[in-house]
Amino acid sequence: ARYPYNGLLGSDYLIAGQGDASCNFAKAHYLDGKELIVDKINNSLRTMVESCDYMQGFIVNHSLSGGTGGGLGALILERL
C-alpha cells in the first residue's frame, strides 16, 4: 500500500534490533543498548551530521518515565 508519508524518513536512518529490554530502563541502558544497538545509532547520527552543511544541534524526543525508551534515550543523550 502507498501511504502519503512513505518518503518522510529515509530508510538509511531506520535502525532495528533484535534485543528485548522488557520495558526495563536498566536493561535498555546498560545491557541491550550498549551491547546491541548504540554503535549502529552512533554511526547513523555521524552519517547524518557529516552530510549537513551547517549542523546547529539535535532535537531528541524520548520517554522520561523509564522503561525501554527512557533507558535507550538516556544512553543516546549520554553519547551525544
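Residues numbered from 1 in each chain as written. Predicted model: local features only at pLDDT ≥ 70, side-chain atom pairs only at ≥ 80, totals over all residues. Heavy atoms only, no water.

1. Structural notes on the overall build of the protein
A tally of helices and strands in the protein yields 2 helices and 0 strands. For the protein, the proportion of its 80 residues judged to be buried stands at 20%. A separation threshold of at least 6 residues defines the contact pool for the protein, and within that pool the share at least 24 residues apart is 62%. Surface exposure of the protein reaches about 6300 Å², of which carbon and sulfur atoms provide 53%. (Helix = DSSP H or I, 4+ residues; strand = E, 2+ residues; numbered from the N terminus. Buried < 20%, exposed > 50% of the residue type's maximum accessible area, 1.4 Å probe, protein only. Contact = heavy atoms within 4.5 Å. Areas by Shrake-Rupley, 256 points an atom, 1.4 Å probe, with all protein chains shown as cover.)

2. With respect to helix H1 (residues 25–50)
Helix length check: H1 (26 residues) gives 30 Å between terminal C-alpha atoms against 38 Å at 1.5 Å per residue, more than 12% under. The principal kink in H1, of about 80°, is found at Gly 33. Within H1, burial applies to Ala 28, His 29, Asp 32, Gly 33, Ile 37, Val 38, Ile 41, Ser 44 and Leu 45. (Expected span 1.5 Å × (residues − 1). Bend = angle between axes of the 7 residues up to and from the residue.)

3. Observations regarding the environment of Ile 37
The topology assignment puts Ile 37 in helix H1. Overall, the relative accessible area of 15% leaves Ile 37 in the buried class. C-alpha separation for the pair Ile 37 and Ala 16, spaced 21 residues apart in sequence, amounts to 8.1 Å.

4. Notes on the environment of Phe 25
Within the secondary structure, Phe 25 sits in helix H1. The sequence separation of Phe 25 and Gly 70 amounts to 45 residues, and the corresponding C-alpha distance is 6.0 Å.

5. Notes on the environment of Val 49
If you trace the backbone, Val 49 turns up in helix H1. Those residues in contact with Val 49 that lie beyond four places of it in its chain are Met 55 and Phe 58.

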